[in-house]
Amino acid sequence: MKKTLFALALMATFSLSAFAQGAPDKEHTPEQRAEKMTERMAKQLDLTEDQKTAVYDANFQMASSKEENRKSNMDKHDANMKEILTEEQYEKWLAARKEHKGNRPKGRRPN
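None of the values given here were measured: they were computed from a predicted structure. Residue numbers restart at each chain and count upward from 1, following the sequence in its written direction. At least 70 in pLDDT is required for a residue's local features to be given in this predicted model, at least 80 for side-chain atom pairs to be given and counted, and no such filter applies to totals for whole chains, interfaces and linings, which use all residues. Excluded from the side-chain calculations are hydrogens and water; all other atoms, namely the structure's heavy atoms, are used.

Asker: What am I meant to see in the pattern of salt bridges here?
Answerer: Any two side chains of opposite charge can pair, given that their charged atoms come close. One speaks of a salt bridge when a side-chain nitrogen belonging to Lys or Arg is within 4 Å of a carboxyl oxygen belonging to Asp or Glu. Within this structure, the stated rule accounts for two salt bridges. Across the pair Lys 52 and Glu 49 runs a salt bridge whose closest N-O atoms are separated by 3.2 Å. Placement of both Lys 52 and Glu 49 in helix H3 (residues 49-64) is noted, with a separation of three residues, approximately one turn of the helix. Among the salt bridges present, the one from Asp 78 reaches Arg 97, with a minimum N-O distance of 2.5 Å. One end of the pair, Asp 78, is in helix H4 (residues 70-84); the other, Arg 97, is in helix H5 (residues 87-103), with 19 residues separating them in the sequence. Relative accessibility decides the category of a residue: with a 1.4 Å probe and only protein chains considered, values under 20% of the type maximum give buried, values over 50% give exposed, and everything between is partly exposed. Among the residues examined, Asp 78 registers a relative accessible area of 17% and is labelled buried. Arg 97 gets classed as partly exposed once you look at its relative accessible area, which sits at 23%. Secondary structure counts use DSSP, requiring at least four H or I residues in a row for a helix and at least two E residues in a row for a strand, with both numbered from the N terminus.

In structure tokens form, the structure reads like this:
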């Protein structure tokens, strides 16, 4: 009886610790990331259909970029957004991006 209770307690402990770790984040494809960014921007900025298409293309280009080229690609992405969006939409996008950056945790994400 004691062995059975001990075994159940041990299994419960390991089950809870495994559950607490959670499922690993799934990697999203560049298409999925671009679609998600575009949907969020369309809601925030009230984009036209033509703007949505152009923004998706720019977001896809950004999402497909390699990490080592991230800075130059961010600059290109900003220039694309400035061409696509109206002045008001661009300012609103910059403010939302700045707020989003401020809410990110510092340091690297745990593996």
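Asker: Looking at this model, I keep getting lost on the packing of aromatic side chains. Mind explaining?
Answerer: Each aromatic ring pair is specified by the distance between its two centres and by the angle formed by the two planes. Note on aromatic pairs: the rings of Phe, Tyr and Trp (six-membered ring only in Trp) are paired at centre separations within 6.5 Å, and the planes decide the class, stacked below 30 degrees, edge-to-face beyond 60, tilted for the rest. Scanning the model with the defined rule gives two aromatic pairs in all. Ring centres of Tyr 90 and Trp 93 lie 5.9 Å apart, and the angle between their planes is 40°; on these two criteria the pair is classed as tilted. Residue Tyr 90 and its partner Trp 93 are located together in helix H5, separated by three residues, close to a single helical turn. Relative accessible area serves as the criterion here: at 10%, Tyr 90 is assigned to the buried category. Look at Trp 93 and you get buried, because its relative accessible area is 6%.

Asker: What is the right way to look at H4 in this model?
Answerer: Structurally, the α-helix is built with 3.6 residues per turn, so residues lying three or four positions apart point the same way. Here the expected length of a helix is defined as 1.5 Å per residue gap, with one fewer gap than residues. A rise of 1.5 Å per residue sets the reference length of H4, with its 15 residues, at 21 Å; its end C-alpha atoms lie 20 Å apart and thus fit the reference within 8%. Residues of H4 that are buried include every one of Asn 73, His 77, Asp 78 and Met 81, and no others. Projected down its long axis, H4 shows its buried positions confined to an angular sector of 145°, all on one face. Away from its buried face, by an angle of more than 90 degrees, H4 presents the exposed residues Lys 71, Lys 76 and Glu 83. It is the directions from the helix axis to the C-beta atoms whose arc is reported.

Asker: Can you walk me through the confidence of the model for the protein chain in this structure?
Answerer: The predicted coordinates should not be examined in detail at positions where pLDDT is low. In the predicted model, the protein chain carries a mean pLDDT of 80, and the fraction of residues at 70 or more is 69%. Looking at any residue, its pLDDT shows the predictor's confidence there, from 0 to 100. At the level of individual helices and strands, the protein chain shows its lowest average pLDDT in helix H1 (residues 2-21), which scores 63, and its highest in helix H2 (residues 30-45), which scores 92.

Asker: Even after reading the chapter, I still don't get H3, so can you show me in this structure?
Answerer: With 16 residues, H3 extends 22 Å from end C-alpha to end C-alpha; this agrees with the ideal 22 Å at 1.5 Å per step. Gln 51, Val 55, Ala 58, Asn 59, Met 62 and Ala 63 are the residues of H3 that are buried. The arc that holds the buried residues of H3, viewed along the axis, is 135°, so those residues lie on one side. Opposite the buried face of H3, at more than 90 degrees from it, the exposed residues are Glu 49 and Asp 50.

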